[in-house]
Amino acid sequence: MTKRIGAPVVPLLGDDVESIKYALSSHLLYTVGKEPVNATARDWFMAAAHTVRDRVTEHWMPTLNRYYQDDRKRVYYLSMEFLIGRTLVNSLINLGIYDNVRTAITELGQDFDEVAAWEVEAALGNGGLGRLAACLLDSMATIGVAGFGYGIRYDYGMFTQHVEHGWQVESPENWLRYGNPWEFPRPGVIYPVRFGGKVIHYRDALGHARSQWVDAEEVMAMAFDVPVPGYGGKVVNNLRLWSAKSTREFDLKYFNAGNYIEAVRDKNESETLSKVLYPSDMTDRGKELRFKQEYFFVAASIQDILGRFRKSHSDWSLLPDKVAIQLNDTHPALVVAELMRVLVDEHQIEWSKAGDITRRCCAYTNHTLLPEALETWPVDLFQRVLPRHLEIVYQMNHEFLQGVRYRHPGDSELLRRVSLIAEEGGQRVRMAHLAVIGSHKVNGVAAIHTGLMKSTIFSDFEHLSPGKITNKTNGVTPRRWLLAANPRLSRLITEKIGDSWITDLDQLRKLEKLADNKAFRKAFAEVKRANKDSLAAMMSMRLGVDVDVESLFDVQVKRIHEYKRQLLNVLHVVTRYNRIRTNPLLNPVPRTVIIGGKAAPGYHIAKLIIKLINDIAEVVNNDPQVGRTLKVVFVPNYNVSTAELVMPAADLSEQISTAGTEASGTGNMKMSMNGALTIGTWDGANVEICEEVGEENMFLFGLTAQEVARRRMDGHDAQAAVAANPELAHALDLIGSGFFSPDQPDRHRQLVDILTSGGDHYLLTADYPLYMAAQDRVDQTYRDPEDWTRKAILNVARMGKFSSDRTVAEYAREIWNAI
Ligand SMILES: *Cc1c(COP(=O)(O)O)cnc(C)c1O
């Protein structure tokens, strides 16, 4: 076997069925401490996970050693979130041992799918941003970038969502309860992280002005490593997650005073830093714990990164040649100030040289243009928690503004706009501006989003540093989102065009000509039908809703947010319901409308939208006049595992955000890749999906981003829009008057008011008629199954661009300079 480069430390483990059966039984006994007679399915899962982990690990250490020997440039992807999902099946597939392990488990008398279902998913993220981080890690390992992820090992990840009486109820997800078989604790890799204290200014022996941060409190960050195998299993990269631990000295202070209880209580307090993921997509305003979490993982990661660099190098000016640091949104933007602090205060590097090194290492990915989601921190909080960093921010700002003033004399408005400090309504540090001036590249995540970045929130920076802002359109990993999630379609594709599409997704183009082949269309439609059967079985078993699998599966799954406009979807559902009720001769295309997604616990409107969906489902699903022609299903606890079940079963993908608000979207890619047609706005990656698959194979509608901006400037008259459209007026009237909430008729009044008297900021009433027209086109197309399937095949065939392998290759070439 030539599986490993370099001399193997131990003989390579066997991948044949017999070796795997032996490994499973050994782990069941020696790792889990059970025998087959008393082992549960979870015990078998643990044995399987360890069997797989062994086979991942044997390529992991050699990969890291190789990077060290070759002195490779490392790419560090810093993200507060990694929405990983389950690991077992994905690792089996990437290692190429899925069939053998499945057979081995079956031969040992266990049901493989039942065993795999016991895995608790790693949900260390909210939604798209965290899932992107996970897809990029998979792609970095697959295409061979020396990529390291850094994040936080939250004790509690994303909450579990239950639906009680139609309302969202959150419960904490103690995902580590049974242990995490994929991680390696590294008690020896532990760094101090400091908070508070004060700054002392002095002159050193050479007369240089120096600063020292003293009297700070200390918390320790301990590493947990998770191996990340690429497809093929040869490259296994590392995801390092930090967990907070109290310092020993901290305890001793109390122990010496004889206060044991106080010591233990304090220990708990410092360990709250990595206790829980903030469950709000986009906004986490002003929470000190959140700010401390950000610095905690930044400070630990920087110490680790610089420590690794210093093992091979003493010349700091080489840092940008050996280290790329990608900031996933502004959450790790403190990297800029921290790297400056370490270089200047701890290694006595001259300020301007430190600035140059920092900028050449760092790059920043922006994920949103929504003003309420742009991170700022109050200066007084910053001062209290990170006094030295605030000084550094001020100094950087001073020099930056001086440069701007020199180039644009007299333009004080420009200075106010680009300053790192926002002055209006109490001073705040603008983290996006810190990230921009501390980076050599700033990227958006879809072409339209990058264009809007340049013309709106960062237009001044675009003028000051032309070329700094670039586009890197998001992608998703075809391993998880097609190969693993949709085995039926994967098999069909591989039968026809071979399996090179798995790592070269452009190969899917070869399916184009099969779109005109009737036998292939039949096979493709049968796959979709089987996937719909699987989803229907789940919905029947877990939710007690029986749906017609012949009906069009109309799917909107994503975080619940006003800008994503689940309410617009609801308005279509209610209109459809009204049409069916008022016209018995209608003969509509049967639809199953599937909606899923979590609301941030403090986001009242989003939670009310969930309740409205469930109230409507209750009425519609029980109306005998409607029968099987319309069903509404809210799928609870939308997470990666649910997505893997839902994406392959979707006929119609709802991507209906107000144009200009969804930076990219990746759910749109997953569904299209699995043969759904998209109904969507000219927003995010929808625009580029359209360029690839063709407008005739999608249902795009609505105001463009430009038209949205104009309409808002001119003032949108929602009342007039409602008055002009009787169907819209009727739908709003039913919702607002309590037709779907007879037990509390005014329950949904607020949702209607937002649209009618609240300004309708997201312009639902403006897009409604166009959306309805697009839905009519959907129905017409679905009535011709051959045409529908043809379009679905063309969607799959033309999704090559949206592989995260392409995304990573672009980052590597144009930002990281790392092959
Ligand atoms: C892909 C994905 C998302 C992102 O979906 P969008 O439609 O792009 O917002 C969110 N959550 C989960 C679980 C996902 O898999």
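Conventions used here
Residues numbered from 1 in each chain as written. Predicted model: local features only at pLDDT ≥ 70, side-chain atom pairs only at ≥ 80, totals over all residues. Heavy atoms only, no water. Pairing = 2+ DSSP bridges. Helix = DSSP H or I, 4+ residues; strand = E, 2+ residues; numbered from the N terminus. Expected span 1.5 Å × (residues − 1). Buried < 20%, exposed > 50% of the residue type's maximum accessible area, 1.4 Å probe, protein only. UniProt positions renumbered as here; feature names shortened; annotations may be inferred. Contact = heavy atoms within 4.5 Å. Near = heavy atom within 4 Å. Polar contact = N/O pair within 3.5 Å; in protein donor to acceptor, adjacent residues only side chain to side chain. Areas by Shrake-Rupley, 256 points an atom, 1.4 Å probe, with all protein chains shown as cover. 1 Å grid on protein atoms, 1.4 Å probe; cavity = no way out; pocket = protein on both sides within 12 Å on 5 of 7 lines; lining within 4 Å. Sits in = over half its atoms within 2 Å of the grid points.

1. Concerning the sheet that holds strand S14 (residues 376-378)
For step 1, the next point in the chain: Reading across from one edge, S14-S16-S15 is the order of the three strands in this open sheet, with antiparallel pairing throughout. Every other strand in the sheet has two partners, leaving S14 and strand S15 (421-422) as the edge strands with one partner each.
For step 2, the next point in the chain: In this sheet, strand S16 (residues 428-430) lies alongside S14 in antiparallel orientation, the contact comprising three bridges. Considered in S16, the bridge of Thr376 is made with Arg430.

2. So, helix H22 (residues 566-582)
For step 1, the next point in the chain: When the terminal C-alpha atoms of H22 are compared, their 24 Å separation across 17 residues agrees well with the 24 Å that a helix rising 1.5 Å per residue should span.
For step 2, the next point in the chain: Extensive coverage of H22 is indicated by the burial of 14 of its 17 residues.

3. Notes on the UniProt feature "modified residue: N6-(pyridoxal phosphate)lysine" (unreviewed entry) in the protein chain
For step 1, the next point in the chain: Using the residue numbers shown here, the UniProt feature "modified residue: N6-(pyridoxal phosphate)lysine" (unreviewed entry) corresponds to Lys670.
For step 2, the next point in the chain: Note on placement: Lys670 falls in helix H25 (residues 667-673).
For step 3, the next point in the chain: Classification of Lys670 as buried rests on a relative accessible area of 6%.
For step 4, the next point in the chain: Look past the residues within four positions of Lys670 in its chain and what remains in contact with it is Arg131, Val476, Trp481 and Met647.

4. Some points on the site of the ligand
For step 1, the next point in the chain: Contacts to the ligand come from 14 residues, most closely from Lys558, Lys564, Thr666, Gly667 and Lys670.
For step 2, the next point in the chain: Here an oxygen atom of the ligand and a side-chain polar atom of Lys558 are 2.6 Å apart.
For step 3, the next point in the chain: Between the ligand and Gly667, the relevant distance is 3.0 Å, taken from an oxygen atom to a main-chain nitrogen or oxygen of the residue.
For step 4, the next point in the chain: Burial of the ligand by the surrounding chains reaches 96%, relative to a free accessible area of 390 Å².
For step 5, the next point in the chain: Cavity membership is defined here by more than half of the atoms lying within 2 Å of grid points; on that basis the ligand lies in the largest cavity.
For step 6, the next point in the chain: Among the secondary structure elements, those contributing two or more residues to the shell around the ligand are helix H24 (640-646) and H25.

5. What to know about the pairing of strand S10 (residues 217-229)
For step 1, the next point in the chain: In terms of burial, S10 is a largely internal element, eleven of the 13 residues being buried.
For step 2, the next point in the chain: Bridge count for strand S7 (residues 184-195) against S10 is nine bridges, and the pairing is antiparallel. When the sheet's bridge partners are listed, Tyr191 is paired in S10 with Ala221.
For step 3, the next point in the chain: Direction of pairing for S10 relative to strand S11 (residues 236-246): antiparallel, over a ladder of eleven bridges. Looking at the pairing, Ala223 lines up with Trp242 of S11.
For step 4, the next point in the chain: The hairpin turn running from S10 into S11, its antiparallel successor, is six residues long, and Gly232 in that turn takes a positive phi close to 105°.

6. A closer look at the pairing of strand S12 (residues 323-328)
For step 1, the next point in the chain: Of all six residues in S12, six are buried; the element is thus mostly enclosed.
For step 2, the next point in the chain: Residues Val323, Ile325 and Leu327 of S12 are buried on one face, and the alternating residues Ala324, Gln326 and Asn328, pointing to the opposite face, are buried as well.
For step 3, the next point in the chain: Where strand S1 (residues 74-78) meets S12, five bridges bridge the pair, whose relative direction is parallel. In the strand pairing of S12, Leu78 is matched with Leu327.

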